[in-house]
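Each chain, written out:
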Amino acid sequence: VIASKAIKILRNRNKLLIGAACGARKNSIMALLIEKFIKKHGSKARVVVVCENLNNLKDQFLDYLKNPHYPVSFTFGDLNDSSDVQVIVEIAASLNKISLCSFQLLIVDECHRYYNASTMQNFIIRAKPVKQVLFTGSPSCFIDKEPHLHILTISGEELVSKNIYCGCGLFVTKTANKKNPQAVINAFLAQAAAVGADLSKTLIVCPSIKFAEAVNDILTARGFKTFLSTSKNDSNNSILSVARSSPIGFLISVGKCSLGFN
């Protein structure tokens with residue numbers, strides 16, 4: 001429904017923002033939007049999708065397109081793909097490598113992070129995309145800056161009411177010294193036991209690599225299965241991939257899994 005609404009809006013507008021809550025299946029919306037756009041504008045239409053500056057998010061979307069919830073007929077790849085694909089998917093840091101040949105649609109994911117940055121704006125000025133669709137779970141920062149920007153929203157409350165996902169329970173745990181990994185993990189495990197949390201598959205996002213390494217050592221010593229994935233030890237995201245496919249274990253990371261991670 002959102003993808004169809006977006007196509008109708010783009011008939012009369014050149015830019016649209018889709019503000020969708022976490023878990024709204026933005027990957028599915030994005031893929032359907034691209035499919036409908038290319039069908040409407042013909043097989044020669046070209047689309048550029050810009051992800052957050054994390055290769056695992058780029059790879060995540062490319063992997064999704066290989067087996068999407070709804071079939072797609074367009075060709076896709078990243079800048080390493082030598083064929084003339086219809087959809088290029090890249091990270092923001094690679095904008096200077098994207099050919100400035102004409103493309104009709106620019107999609108920017110997690111746009112609240114870097115859309116207004118000079119690198120992105122300079123790319124838009126040079127590339128001159130015909131249409132733009134911005135995706136974010138945090139649309140509020142655009143309301144004052146672009147008051148005339150058309151915004152489609154999907155709230156978490158709406159997703160719960162439609163049984164797309166269930167409500168989320170949030171527990172905040174206090175600890176005497178949040179800079180001490182041992183103290184934090186002790187408080188976390190105590191709170192998890194108190195509420196009967198299922199820790200069979202758990203994601204832990206840490207403030208630094210050093211902190212993440214300490215957390216990994218602590219949990220390993222306690223007999224938990226762990227997967228440590230940081231830029232220091234897992235630059236190609238191979239451990240991250242194994243963790244995603246594993247039915248159990250603690251995935252411990254820093255920035256890789258704190259934004260846009262499925």
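Anyway, here's the lowdown on the structure attached to this text. What you are looking at is a predicted structure, and each value in this text was computed from that prediction instead of being measured.

1. Quick notes on the overall build of the protein
Helix and strand content of the protein: 10 helices and 10 strands. Rg of the C-alpha trace for the protein: 20 Å, near the compact-globule value of 18 Å for 262 residues, within the 12% margin. Counting only C-alpha atoms and orienting by the principal axes, one finds that the protein spans roughly 55 × 40 × 35 Å. Relative to its full complement of 262 residues, the protein shows a buried share of 44%. Taking all contacts inside the protein whose residues are at least 6 apart in sequence as the whole, residues at least 24 apart take part in 70%. Total accessible area on the protein is roughly 14,300 Å²; 53% of this is exposed by carbon and sulfur atoms.

2. Observations regarding the nonpolar core
If you look at the biggest cluster of nonpolar residues, it comprises 36 residues, and the most contacted ones within it are Ile18, Ile34, Val47, Val49 and Ile107. Of all the elements, helix α2 (residues 26–41) adds the most residues to this core, at seven residues. Each residue touching Ile107, except ones within four places of it in the same chain, is listed here: Met30, Leu33, Ile34, Val47, Val48, Val49, Val50, Val133 and Phe135.

3. A short note on the side chain of Thr230
Looking at the secondary structure, you find Thr230 in the loop between β9 (226–228) and α10 (238–245). Those residues in contact with Thr230 that lie beyond four places of it in its chain are Ile209, Ala212, Ser235, Val254 and Lys256.

4. Here we look at a positive patch on the surface
A cluster of basic side chains, namely Lys5, Lys8, Arg11 and Lys40, defines a positive patch on the protein surface. Within the secondary structure, Lys40 is located in helix α2. Using a relative accessible area of 48% as the deciding quantity, one classes Lys40 as partly exposed.

5. Describing the sheet that holds β9
The strand order across the open sheet built from three strands is β8-β10-β9, with neighbouring strands paired in parallel fashion. Looking at strand neighbours, the two that pair on one side only are β8 (201–205) and β9, the edges of this open sheet. Strand-to-strand twist across the sheet, computed as the mean angle between neighbouring axes with direction ignored, equals 15 degrees. Pairing of β9 with strand β10 (residues 249–253) involves three bridges; the strand directions are parallel. Opposite Phe227, over in β10, you have Leu251 as the bridge partner. Where α10 meets the sheet, its contacts fall on β8, β9 and β10, and the angle it forms with β9 comes to roughly 150 degrees.

6. Description of the environment of Glu52
Among the secondary structure elements, Glu52 is positioned in the loop between β2 (47–51) and α3 (55–66). The class of Glu52 is buried, set by a relative accessible area of 8%. For the pair Glu52 and Ala92, spaced 40 residues apart in sequence, the C-alpha separation works out to 6.1 Å.

7. Section: helix α5 (residues 118–127)
For α5, the set of buried residues is Met120, Phe123, Ile124 and Ala127. Seen end-on, α5 carries its buried residues on one side only, within an arc spanning 100 degrees. Within α5, the exposed residues directed more than 90 degrees away from the buried face are Ser118 and Ile125. Against β2, β5 (105–108), α4 (111–114) and β6 (131–136) lie the buried residues of α5. Count one or two residues on from α5 and you reach Lys128, which has phi positive near 55 degrees.

Cut-offs and rules
Residues numbered from 1 in each chain as written. Predicted model: local features only at pLDDT ≥ 70, side-chain atom pairs only at ≥ 80, totals over all residues. Heavy atoms only, no water. Helix = DSSP H or I, 4+ residues; strand = E, 2+ residues; numbered from the N terminus. Rg over C-alpha atoms; globule rule 2.2 N^0.38 Å. Buried < 20%, exposed > 50% of the residue type's maximum accessible area, 1.4 Å probe, protein only. Contact = heavy atoms within 4.5 Å. Areas by Shrake-Rupley, 256 points an atom, 1.4 Å probe, with all protein chains shown as cover. Core = buried A, V, L, I, M, F, W, Y, C linked by side-chain atoms within 4.5 Å. Patch = residues over 30% accessible without salt bridge, like charges linked within 9 Å, V, L, I, M, F, W, Y side chains within 5 Å. Salt bridge = Lys/Arg side-chain N within 4 Å of Asp/Glu carboxyl O. Lys, Arg positive; Asp, Glu negative; His and termini not counted. Charge placed at Lys NZ, Arg CZ, Asp CG, Glu CD. Pairing = 2+ DSSP bridges. Axes fitted to C-alpha atoms, helices over the stretch in contact; angles between N-to-C directions. Arc of directions from axis to C-beta.

By themselves, these are just geometric observations and shouldn't be taken as functional.
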